[in-house]
Amino acid sequence: MSPGIPLKMSQIVLPCHANYCGELSAGQLLKWMDSTACLSAERHAGCSCITASVDDIHFETTIGVGQVVNITAKVNRAFTSSMEVCGNIYYYLVEISYAVFGFAQVQLKQVIPRTQAEQMEYSLAAERRRMRLIHAEIINDLLSSLSECLDYQDAVPAERTRVESVELVLPPHANHQVSTFGGQIMAWMENVATISASRLCNAHPTLRSIDMFHFRGPSHIGDRLVLKAIVNNAFKKSMEVGVCAEAYQGGEPLRHINTAFMTFEVLDNDRKPCTLPRIRPEPVDGKRRFQEAIARKKIRLDRKYIISCKQSEVPLSVPWDPSNQMYLSYNNVSALKMLAARSNWVLTSEKNKVSLYTLEENQMLCFKVETHVAVAAEQVFLLLSDLRRRKAWDHHYKECEVITDSHEDDTIYRVVTPSVTKGGKVQDFILLASRRHPYLIALRSVTLPAYPPTEDYNRGEVLCAGFSIWEEENSFTKISYYNQATPGVLPYISTDIAGLSSSFYCTFASCSAFLEENKDNLASLPTSTL
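Residues numbered from 1 in each chain as written. Predicted model: local features only at pLDDT ≥ 70, side-chain atom pairs only at ≥ 80, totals over all residues. Heavy atoms only, no water.

## Digging into the overall build of the protein chain
Using the following cut-off: Numbering of helices and strands runs from the N terminus, with a helix taken as a DSSP run of H or I at least four residues long and a strand as a DSSP run of E at least two residues long. Residue burial is assigned from relative accessible area. The probe radius is 1.4 Å, only protein chains are included, and a residue is buried under 20% of its type maximum, exposed over 50%, and partly exposed in between. Only the protein chains shown count as cover for residues, and the accessible areas themselves come from Shrake-Rupley with a 1.4 Å probe.
Check the secondary structure of the protein chain and you find 10 helices and 24 strands. In the protein chain, which comprises 530 residues, the share counted as buried stands at 53%. For the protein chain, the computed accessible surface area is about 24,500 Å², with 52% contributed by carbon and sulfur atoms.

So, in structure tokens, the structure goes:
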């Protein structure tokens, strides 16, 4: 069965749907999204369906009173007893009710993708399902590499952000199967999470994303729903709030209904994210939540910038043609200059005067590492220009060889980097390095017929990367390294961006040591570099 025509729902935002800012409540939007997704699933299955989990909800902008919200939903793929339904900003895993409540088994109709876009979503649905199934295993692997939580003097105790609320499930809160409507539970959870986030920042927080609503069991009319929320961790410009929903009737024990993790920001008058205070986690369980929040941040990066685009990426490499060398070299340098000129870099972390910045624009993540060395800019430029010497300070460079040294300003290298997964293949890159004065080294991937991808290596690609070197007073030099992260590059840096490690500091500390040790030893550089 083809995915067919998406199911569409349109709703006008009335004052009763808005928060005190006059913006559509995220909880109300979740209700509409859940209704649309379930209707789409039921149309495909031919029977009643319930929501099992919701992944990757991203709120890109706010919606005001009087505006019309158009929501679309379509089944991407059907599995044995569940199916994935996608919309513009969310992915639902919907299970048919017989599978949950033990009704007679029904065979779900398979989805047959017809177009290239449907084929891509069909393939990615399996990848997202795999991520859901091994989510706990991934978290445990990431936690094994984490160090102890740092205790900041000005940190806010996490206990101050704890919120607990109780809701009575009434008939208007139930769906057509007489169980609590999933969208209503999500709306209640969003409400307590917002209150929890506001206690950290003393301002009105804006919901930016939600990780994996996972419905563990149903609740019914007459249940008391206990909703608990607490800030798990606060990053530079965002915070993660953990929310749990439990149900009970009378004197029975609590039943775990749902868990979710929500990311909030606080916006200033210019709609820019504000810097947030640090959080001091509670002992034992609070420290576990604190560290798991860091691991989930890394997973969000992977899902957003690797899984979501790896099937749809067009080749980033450009064919190398000596007759067009000047044009390719010019574009290489211009792209790096434009990236360096961006003004909205956000400081993610800093350690011993090595700073890591990030920039998110047009579904692309860029990062910048900045440091200073007591070496003249000319010497820094000459030492960093030859990529073959980079393996002396960068552990990501296992091998580096010159393929073509076609011009004193342009050299093509083949670089081999370690595998990003245990037991996986190593990666190789074919890079064009273009050098310009004053002190710019631009890198990007090119293709050469003599060096095609091979089975022994995963061929990685670099869209835009390189060094910008600036001489400052007293023989000090500022080094800025830029990279417009691609699926082949991001796994090497995402743990640093998420806060799981500080390997970027170790790498650039080694770079500084390398430069200072070799500043008077330029004779070994090849003539073409000098």
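That covers the picture; the talk isn't over yet.
## Side note on the packing of helix 1 (residues 26–45) against helix 5 (residues 182–201)
For any two helices packed against each other, one specifies the inter-axial angle together with the distance between the axes. The condition that has to hold: Here the axes come from fitting lines to C-alpha atoms, over the contacting stretch only for helices, and the angles between their N-to-C directions go from 0 to 180 degrees. Orientation labels follow simple angle bins: below 35 degrees gives roughly parallel, above 145 gives roughly antiparallel, 65 to 115 gives roughly perpendicular, and whatever is left gives oblique. The handedness criterion is simple: a crossing whose near helix is rotated anticlockwise from the far helix by less than a right angle is left-handed, and one whose near helix is rotated clockwise is right-handed. Any two residues whose heavy atoms approach within 4.5 Å are treated as being in contact.
Following both chains from N to C, one finds helix 1 and helix 5 inclined at 160 degrees, their axes separated by 8 Å at the closest point. Our classification of the angle between helix 1 and helix 5 gives roughly antiparallel. For the crossing formed where helix 1 meets helix 5, the hand is right-handed. Contacts between helix 1 and helix 5 involve A26, G27, L30, K31 and D34 from the first element and G182, G183, Q184, M186, A187 and E190 from the second.

## Considering the packing of helix 8 (residues 377–385) against helix 10 (residues 503–518)
With their axes 10 Å apart at the nearest point, helix 8 and helix 10 run at an angle of 110 degrees to one another. Of the possible angle classes, the one that applies to helix 8 and helix 10 is roughly perpendicular. At the point where helix 8 passes helix 10, the crossing takes the right-handed sense. Residues V380, L383 and L384 of helix 8 lie in contact with helix 10, whose contacting residues are C511, F514, L515 and N518.

## Things to note about helix 8
Burial analysis of helix 8 places 7 of its 9 residues in the buried class, the great majority of the element. Those residues of helix 8 that fall on the buried side of the exposure criterion are A377, V380, F381, L382, L383, L384 and S385.

## Observations regarding the nonpolar core
Which entries qualify depends on this criterion: The term nonpolar core refers to a set of buried residues drawn from Ala, Val, Leu, Ile, Met, Phe, Trp, Tyr and Cys, joined through side-chain atoms within 4.5 Å.
By size, the foremost hydrophobic cluster in this structure holds 52 residues, and its most contacted members are M189, F213, M239, V241 and M262. When contributions to this core are tallied by element, the ones reaching two or more residues are helix 1, strand 4 (68–78), helix 5, strand 9 (206–215), strand 10 (224–234), strand 11 (239–248), strand 12 (255–265) and helix 6 (285–307). When residues of this core are assigned to their parent elements, the largest contribution, 9 residues, is made by helix 5. In this structure F213 touches L30, A52, S53, V54, I57, M186, M189, N258, T259, A260 and M262, once residues within four positions along its chain are discounted. Y413, L443, L490 and F508 belong to the second largest nonpolar core, which has 44 residues in total.

## Side note on empty space enclosed by the protein
The following threshold applies: The way it works is a 1 Å grid over only the protein atoms, where trapped points that fit a 1.4 Å probe form a cavity and open points with protein on both sides within 12 Å along at least five of seven lines form a pocket, and then any residue with an atom within 4 Å of a point lines it. Grid points are joined across faces, edges and corners, and a volume is the space filled by probe spheres set on the points. By the convention adopted, Pro, Cys, Tyr, Trp, Phe, Met, Ile, Leu, Val and Ala count as nonpolar, Lys, Arg, Asp and Glu as charged, and the other residues, Gly among them, as polar.
By the definition in use, this model includes 2 cavities of 30 Å³ or more. Computed from the structure, the largest cavity encloses a volume of approximately 380 Å³. Lining the largest cavity are 24 residues, and of these R390, D394, H396, Y481 and N483 sit closest to its centre. When residues of the lining of the largest cavity are traced back to their parent elements, those giving at least two are strand 17 (364–373), strand 19 (410–417), strand 20 (426–436), strand 24 (477–484), helix 9 (490–498) and helix 10. When residues of the lining of the largest cavity are assigned to their parent elements, the largest contribution, 4 residues, is made by helix 10. The class makeup of the residues in the lining of the largest cavity is 16 nonpolar, 5 polar and 3 charged.

## Digging into the pairing of strand 2 (residues 49–55)
For a regular strand, side chains alternate in direction, first toward one face of the sheet and then toward the other. Filter applied, for reference: What makes two strands pair is DSSP finding at least two bridges between them.
Burial analysis of strand 2 places 7 of its 7 residues in the buried class, which makes it a mostly covered element. Pairing geometry for strand 2 and strand 9, over 2 bridges, is antiparallel. Within strand 9, the position partnered with S53 by the bridge is H214.

## Topic: the environment of C49
Within the element layout of this structure, C49 appears in strand 2. Take C49: its relative accessible area is 2%, and that puts it in the buried class. Sequence spacing of C49 and S82 is 33 residues, and the spatial spacing of their C-alpha atoms is 9.2 Å.

## Overview of the pattern of salt bridges
Heads up, the condition is: Salt bridge, as used here: a side-chain nitrogen of Lys or Arg that lies within 4 Å of a carboxyl oxygen of Asp or Glu.
Under the criterion given, the structure shown has 20 salt bridges. Residues E118 and K74 are paired through a salt bridge, measuring 4.0 Å at the closest nitrogen-oxygen approach. Taken together, the residues E118 in helix 3 (residues 116–133) and K74 in strand 4 connect sequence positions 44 residues apart. Just as E118 is buried, K74 falls in that class too. Ionic pairing is found between D428 and R459, a salt bridge with its closest N-O pair at 3.0 Å.

## Details of the packing of aromatic side chains
As a reminder of what qualifies: Pairing of aromatic rings covers Phe, Tyr and the six-membered ring of Trp, with a centre-to-centre limit of 6.5 Å; geometry is then stacked below 30 degrees between planes, edge-to-face above 60, and tilted otherwise. To sit over a ring, a charge needs its Lys NZ or Arg CZ within 6 Å of the ring centre and within 35 degrees of the ring normal.
This model, assessed by the stated rule, comprises 7 aromatic pairs. Feature note: the residues F367, W393, F467, Y481 and F508 constitute an aromatic cluster, connected by ring pairs. Its end group placed over the ring of F261, R296 keeps NZ or CZ at 3.5 Å from the ring centre. When the ring centre of Y457 is taken as reference, the NZ or CZ atom of R414 above it lies at 4.7 Å.

## A few points about unusual backbone geometry
Residue P438 is bonded to the preceding H437 through a cis peptide linkage, with omega at 5 degrees. Residue placement: P438 occurs in the loop between strand 20 and strand 21 (440–447). For N202, which is not glycine, the phi torsion reads 55 degrees and is therefore positive. Here N202 shows up in the loop between helix 5 and strand 9. In this structure, Y439 is a non-glycine residue whose phi angle is positive, near 65 degrees. Within the element layout of this structure, Y439 appears in the loop between strand 20 and strand 21.

## Thoughts on the side chain of D223
This is how the line gets drawn: Two N or O atoms count as a polar contact when they lie within 3.5 Å, although within protein this holds only if one can serve as hydrogen donor and the other as acceptor, and sequence-adjacent residues are included solely when both atoms are side-chain atoms.
Summarising the element assignment, D223 is placed in the loop between strand 9 and strand 10. Residue D223 is classed as buried on the basis of its relative accessible area, which comes to 1%. A polar contact of 2.8 Å, which involves the side chain of D223, links it to the side chain of Q249. With residues up to four places along the chain from it excluded, the contact list for D223 reads E167, L168, V169, A247, Y248, Q249 and R255.

## Section: helix 1
The line we're drawing: Residue count minus one, scaled by 1.5 Å, sets the expected span of a helix.
For helix 1, which comprises 20 residues, the first-to-last C-alpha distance of 28 Å matches the rise-based estimate of 28 Å (1.5 Å per residue) to within 8%. Counting buried residues along helix 1, 16 of its 20 residues qualify, which places the element largely inside the surrounding structure. Between the side-chain oxygen at the start of helix 1 and the backbone nitrogen of G27 there is a gap of 3.2 Å, and the oxygen is on S25. After helix 1 finishes, the residue G46 shows a positive phi value of roughly 75 degrees.

Structural measurements only, silent on function.
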